[in-house]
Amino acid sequence: MAALSLDGRRVLLIVSGGIAAYKALELVRLLRKDNAGVRAVLTRRGAEFITPLSLQALCEDRVYTDLFSLTDESEMGHIQLSRSADLLVVAPASADLLAKMAAGIADDLATTILLATDKPVIVAPAMNVRMWQHAATVANIAVLRARGIVVIGPDEGPMACGEFGPGRLAEPAAIFAAVRDFFGKSGALAGRHVIVTSGPTYEPIDPVRYIANRSSGRQGHAIAQALAANGARVTLVSGPVTLADPPGVVSIHVETAREMHAAAAAALPANVAIFCAAVADWRVDASDRKIKKSGTVPTISLVENPDILSDISHRANGRPGLVIGFAAETENLVANATAKRLRKGCDWIVANHVGAGSDVMGGTDNEVVLITQDGAEPWQRASKSAIADKLVSRIIKALS
Ligand code: C5P
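Residues numbered from 1 in each chain as written. Predicted model: local features only at pLDDT ≥ 70, side-chain atom pairs only at ≥ 80, totals over all residues. Heavy atoms only, no water.

### Brief notes about the overall build of the protein
- Within the protein one finds 14 helices and 22 strands.
- Relative to its length of 400 residues, the protein is compact, with a C-alpha radius of gyration of 24 Å against a globular reference of 21 Å.
- Classification of the 400 residues of the protein by burial places 50% in the buried group.
- Contacts spanning at least 24 positions in sequence make up 67% of the contacts within the protein whose residues lie at least 6 apart.
- Surface exposure of the protein reaches about 18,900 Å², of which carbon and sulfur atoms provide 53%.
- Mean positive and mean negative side-chain charge positions of the protein (41 and 40 charges, respectively) differ by 2 Å. (Helix = DSSP H or I, 4+ residues; strand = E, 2+ residues; numbered from the N terminus. Rg over C-alpha atoms; globule rule 2.2 N^0.38 Å. Buried < 20%, exposed > 50% of the residue type's maximum accessible area, 1.4 Å probe, protein only. Contact = heavy atoms within 4.5 Å. Areas by Shrake-Rupley, 256 points an atom, 1.4 Å probe, with all protein chains shown as cover. Lys, Arg positive; Asp, Glu negative; His and termini not counted. Charge placed at Lys NZ, Arg CZ, Asp CG, Glu CD.)

Okay, here's the thing in structure tokens:
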């Protein structure tokens, strides 16, 4: 469903080099006409095709041109620029800029913003057909898509270089429609950002061995999917699982608890955070080399992992408005989970019984008790996706 208008939405448009750069002017015009706020960054190569002045005439603000310009940094730093928008649009996106984005290179204002941003990104590639079809570009686009970046076009047709094929910048109207679609995402959670952790963590013992647990990621992934279906922007931080990334969700893949902690913290700010992952409480003081069989049994010493749920729940700054933890218990489910809610500092705990004979860990169904400040509420056994839907409706109720 399309939004009625882009009223007040803030778009940061990055214009990189290419003959199609002139079409960015039409895109700005369409966005402004629909009442979006538009700031523009013109790369050095982009400025060889259009002038900052022509962009500026259409934007609400001056045009930002280079990281190393002292005026730009003193007026508005690249971090602030990257956070000042609701959405980043790169049009045209050159092969070179896409490669830098995929590799995480930040060597000018545009690439630094793209590396520093925590906002969603749409790219509209434009390049020669052979460059578009080159294995390097194909791999870069796959990397960007896997990170949740939306790719619009390119279109097929005769190109400025005289060749024919895919590579032409998508029409400004199509890019504009993608922006409208993005903001028009309907659902009760539209405009909300939710972080979900899911799956197990792997804690290496040495380069070939690790400690893990039986978590499949089914419950966390189902929650991420249900949130996205209700319009939320979802960042899923997943440990190693065999499940596919849920559609419409930004999935970040990690292995260890420390990586999960860093990825979840980097995804802040968020309105809601749901810590469903079965995080290893301890990691091994790991060996750099494979431990050899040598007649004696090796001793593995354990070190405590950071507690992600507790850390984010106790943050004085940037704590999500609603923090939900999970508790897998083998006995005294309600008492233990109730104590855990207070100890961890979270708002709700979804408690499940994982005693002997339980198929919850790794299975397709779940039987939970929701613990809130109002007490314990047992839910009927149901599929993990039905539990996810129920939890998401409770979240919607709590936020409204
Ligand atoms: O203390 P316990 O591991 O039983 O707590 C379970 C809850 O804490 C779950 O929500 C789990 O995702 C979270 N947790 C965490 N980081 C850890 C350990 C647990 O976020 N290191």
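### Description of the site of the ligand
- The ligand sits among Phe 275, Ala 277, Val 279, Asp 281, Pro 306, Asp 307, Ile 308, Leu 309, Gly 325, Phe 326, Lys 340 and Lys 344.
- One nitrogen or oxygen atom from the main chain of Leu 309 is found 2.9 Å from an oxygen atom belonging to the ligand.
- In isolation the ligand has 440 Å² of accessible area, and contact with the protein removes 87% of it.
- Those elements that provide at least two residues to the shell around the ligand are α12 (308–313), β17 (322–329) and α13 (333–344).
- Its residues assigned to classes, the shell around the ligand shows seven nonpolar, one polar and four charged. (Near = heavy atom within 4 Å. Polar contact = N/O pair within 3.5 Å; in protein donor to acceptor, adjacent residues only side chain to side chain. Nonpolar A, V, L, I, M, F, W, Y, C, P; charged D, E, K, R; others polar.)

### A word on the nonpolar core
- Leu 13, Leu 31, Leu 55, Val 89, Ile 175 and Val 179 are the most contacted members of the largest nonpolar core, which has 34 residues in total.
- Elements represented by at least two residues in this core include exactly β1 (10–15), α1 (23–33), β2 (37–42), β4 (87–93), β5 (121–125) and α9 (172–184).
- No other element matches α1, which puts six residues into this core.
- Residue contacts for Leu 13: discarding those within four places in its chain leaves Ala 24, Leu 27, Val 28, Val 38, Arg 39, Ala 40, Val 41, Val 89 and Ala 91.
- If you look at the next biggest cluster of nonpolar residues, it comprises 29 residues, including Ala 232, Ile 274, Ile 387 and Leu 391. (Core = buried A, V, L, I, M, F, W, Y, C linked by side-chain atoms within 4.5 Å.)

### Here we look at unusual backbone geometry
- Of note, the bond from Ala 91 into Pro 92 is cis; its omega dihedral lies within 30 degrees of zero at -5°.
- Relative to the elements of secondary structure, Pro 92 occurs in strand β4.
- Of note, the bond from Gly 153 into Pro 154 is cis; its omega dihedral lies within 30 degrees of zero at 5°.
- Here the phi dihedral of Asn 35 falls at roughly 70°; this positive angle occurs in a residue that is not glycine.

### Digging into the domain arrangement of the protein
- Domain boundaries in the protein define domain 1 (10–184) and domain 2 (193–399).
- Placing the centre of domain 1 and that of domain 2 at their C-alpha centroids yields a distance of 36 Å.
- Roughly 360 Å² is buried in total at the junction of domain 1 and domain 2, and carbon and sulfur atoms are behind 46% of that figure.
- Summed over the shared surface of domain 1 and domain 2, the result is zero salt bridges.
- If you look at where domain 1 meets domain 2, you find zero residue pairs in polar contact (both at pLDDT 80 or more). (Domains from an automatic or database assignment. Buried area = accessible area lost by both parts, 1.4 Å probe. Salt bridge = Lys/Arg side-chain N within 4 Å of Asp/Glu carboxyl O.)

### Describing the sheet that holds β4
- Sheet architecture is open: six strands sit in the order β3-β2-β1-β4-β5-β6, paired in parallel fashion. Two strands close off the open sheet at either side, each with one partner strand: β3 (63–64) and β6 (150–151).
- Strand direction decides the pairing type here: β4 and β5, joined by four bridges, are parallel. Its bridge partner being in β5, Val 89 is matched across the sheet by Ile 122.
- Against the sheet, α1 touches β1, β2 and β4, its axis set at about 175° to β1.
- Running over the sheet, helix α5 (residues 95–103) touches β1, β4 and β5 and is turned about 145° from β5. (Pairing = 2+ DSSP bridges. Axes fitted to C-alpha atoms, helices over the stretch in contact; angles between N-to-C directions.)

### Let's talk about the pattern of salt bridges
- Per the counting criterion, the structure on display carries 17 salt bridges.
- A salt bridge links Arg 10 to Asp 86; the shortest N-O distance between them is 2.9 Å. Of this pair, Arg 10 sits in strand β1 while Asp 86 is found in the loop between α4 (78–83) and β4, placing the two residues 76 residues apart along the sequence.
- Across the pair Arg 29 and Glu 26 runs a salt bridge, and its minimum N-O distance is 3.0 Å. In this pair, Arg 29 and Glu 26 both sit in helix α1, three residues apart, roughly one turn of the helix.
- Put simply, Lys 23, Arg 168 and Glu 171 are held in one network by salt bridges that share partners.

### A few points about a nonpolar patch on the surface
- On the surface, Ile 211, Trp 282, Ile 300 and Leu 302 cluster together to form a nonpolar patch covering roughly 380 Å² of accessible area.
- Here Trp 282 is to be found in strand β15 (residues 282–284). (Patch = residues over 30% accessible without salt bridge, like charges linked within 9 Å, V, L, I, M, F, W, Y side chains within 5 Å.)

### Description of the packing of α5 against helix α8 (residues 135–146)
- Running from amino to carboxyl end, α5 crosses α8 at an angle of 50°, the nearest separation of the two axes being 9 Å. In terms of orientation, α5 lies oblique with respect to α8. You can see that α5 and α8 cross each other, and the crossing is left-handed. On the side of α5, the interface is formed by Ala 95, Leu 98, Ala 99, Met 101 and Ala 102, while α8 contributes Thr 137, Asn 140, Ile 141, Val 143 and Leu 144.
- Looking at side-chain class alone, the contact of α5 with α8 contains eight nonpolar, two polar and no charged residues. (Parallel < 35°, antiparallel > 145°, perpendicular 65-115°, else oblique. Left-handed = near helix turned anticlockwise from the far one by under 90°.)

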